Amino acid sequence: MSRAAGSELSVPQRIWAGLLGGAAYRRLTTDSPRVYPAFFLVALFTAVVASVLVAVTASQGLRAVAAIWPELPSFRITQGTLVLPPGTHIPVRISDGRASVVLDPSAGPSSDPLGSARYGLAIGASSLVIRPGPLAGSDRVLPLSMLGQATLDRSQLGAELLQLERVGIWLGALLNVVYSVLRDLVRAAVLAWTGLVAARLSRRSLSWPEAWRVGLACWTLPMIAEVASPLIGLPSWSLWLVALVYAIMGVLAVEAS
């Protein structure tokens, strides 16, 4: 990290300094305040990767559900209630090994009609449950009451799922990228404030702009690790723990003025 006096770190070097932590942050606090490109490049890249991963997984799940959708009986949802044809044996369960679709008007909100299915959709007494896949997070539960007085039959709901798979998921992924970048900025601000408090307690003279640059840098590694967390099962608190250690060790490495 040694550089000639007066020279600035490049964007890749600032990213690397953020990953190194500790004494490397001393250089970041004395370097140009233009550290935003280094942060935004990592934040945007990780947000895009995570959002695309979720969107692809959810799209696969909806396609798997759509493939077995024609095998369902001609049900309808009317006034927030699932109605099956007379004589239908419940629960109705259609599965192809990967995905399951379950219709059970007796299933309550606390039940788990999809069981161990990788992908699936279940309609119970009062809710519709979508399982988008293990990499896309937990089940989405939608109350049937959100339909109001409208009536939705099997073909109409199937068309809505296809529209969600083709457009809705990818629009959601785009919005999630924007949300993720803004959320990372807020997290960096929290870490900057924590580092500033640690500096003051250790009698370091650290200004807010310097603490802000440390906050941006110390969230670099957690942003990268967060992308891999669905694959390796990292709890969210571990990301904060790493970032807090980076923030405190970073400001303590800054020489008192």
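An account of the accompanying structure is given in this report. Computed from a predicted model, the values in this text were never measured in an experiment.

Cut-off values and rules
- Residues numbered from 1 in each chain as written.
- Predicted model: local features only at pLDDT ≥ 70, side-chain atom pairs only at ≥ 80, totals over all residues.
- Heavy atoms only, no water.
- Helix = DSSP H or I, 4+ residues; strand = E, 2+ residues; numbered from the N terminus.
- Buried < 20%, exposed > 50% of the residue type's maximum accessible area, 1.4 Å probe, protein only.
- Contact = heavy atoms within 4.5 Å.
- Areas by Shrake-Rupley, 256 points an atom, 1.4 Å probe, with all protein chains shown as cover.
- Axes fitted to C-alpha atoms, helices over the stretch in contact; angles between N-to-C directions.
- Parallel < 35°, antiparallel > 145°, perpendicular 65-115°, else oblique.
- Left-handed = near helix turned anticlockwise from the far one by under 90°.
- Pairing = 2+ DSSP bridges.
- Expected span 1.5 Å × (residues − 1).
- Patch = residues over 30% accessible without salt bridge, like charges linked within 9 Å, V, L, I, M, F, W, Y side chains within 5 Å.
- Salt bridge = Lys/Arg side-chain N within 4 Å of Asp/Glu carboxyl O.
- Phe/Tyr/Trp six-rings, centres within 6.5 Å; stacked < 30°, edge-to-face > 60°.

**Here we look at the overall build of the chain**
At step 1: A count of helices and strands for the chain gives 7 helices and 8 strands.
At step 2: With respect to the principal axes defined by its C-alpha atoms, the chain has extents near 80 × 30 × 30 Å.
At step 3: Of all 257 residues assigned to the chain, the portion counted as buried reaches 42%.
At step 4: When contacts within the chain are restricted to residue pairs at least 6 apart in sequence, those whose partners lie at least 24 apart make up 57%.
At step 5: Of the accessible surface of the chain, which amounts to about 13,300 Å², a share of 64% is contributed by carbon and sulfur atoms.

**Brief notes about the packing of helix 4 (residues 154-201) against helix 5 (residues 208-218)**
At step 1: Running from N to C, helix 4 and helix 5 point in directions that differ by 125 degrees, and their axes come no closer than 7 Å. Taken as axis vectors, helix 4 and helix 5 run oblique relative to one another. Judged by the sense of rotation from one axis to the other, the crossing of helix 4 with helix 5 is right-handed. Of helix 5, the residues touching helix 4 (which contributes Leu-185, Ala-188, Ala-189, Leu-191, Ala-192, Trp-193 and Leu-196) are Trp-208, Ala-211, Trp-212, Gly-215, Leu-216 and Cys-218.

**With respect to the sheet that holds strand 6 (residues 127-131)**
At step 1: Read across the sheet, 5 strands follow the order 3-4-5-6-7 without closing on themselves; strand pairing throughout is mixed. Edge positions in the sheet fall to strand 3 (92-95) and strand 7 (140-143), since each of these pairs with one other strand and no more. The sheet shows a mean angle of 10 degrees between the axes of neighbouring strands, direction not considered.
At step 2: One ladder, built from 4 bridges, connects strand 5 (residues 119-123) with strand 6; its direction is antiparallel. Within the sheet, the bridge partner assigned to Leu-121 lies in strand 6 and is Ile-130.

**Some remarks on helix 7 (residues 236-253)**
At step 1: When the terminal C-alpha atoms of helix 7 are compared, their 26 Å separation across 18 residues agrees well with the 26 Å that a helix rising 1.5 Å per residue should span.
At step 2: Buried residues of helix 7: Ser-238, Leu-239, Ala-243, Tyr-246, Ala-247, Gly-250, Val-251 and Ala-253, and no others.
At step 3: Looking at the buried residues of helix 7, the elements they touch are helix 1 (11-20), helix 2 (24-30), helix 4, helix 5 and helix 6 (220-232).

**What to know about a nonpolar patch on the surface**
At step 1: Judged by side-chain polarity, Trp-237, Leu-241, Val-245, Ile-248, Met-249 and Leu-252 come together as a nonpolar surface patch covering roughly 570 Å² of accessible area.
At step 2: The residue Met-249 is located in helix 7 in this model.

**Some thoughts on the packing of aromatic side chains**
At step 1: Summed over the entire model, instances satisfying the criterion amount to 7 aromatic pairs.
At step 2: Ring plane angle 55 degrees and centroid distance 6.5 Å describe the contact between Tyr-36 and Trp-212, whose orientation is recorded as tilted. With Tyr-36 in helix 3 (residues 36-68) and Trp-212 in helix 5, this pair connects stretches of sequence that are 176 residues apart.
At step 3: Since its relative accessible area comes to 17%, Trp-212 is described here as buried.
At step 4: Their ring planes at 45 degrees and their centres at 5.1 Å tell us that Trp-219 and Trp-240 sit as a pair that is tilted. Taken together, the positions of Trp-219 in the loop between helix 5 and helix 6 and Trp-240 in helix 7 put the pair 21 residues apart, joining distant regions of the chain.
At step 5: Note on Trp-219: relative accessible area 0%, which makes it buried.

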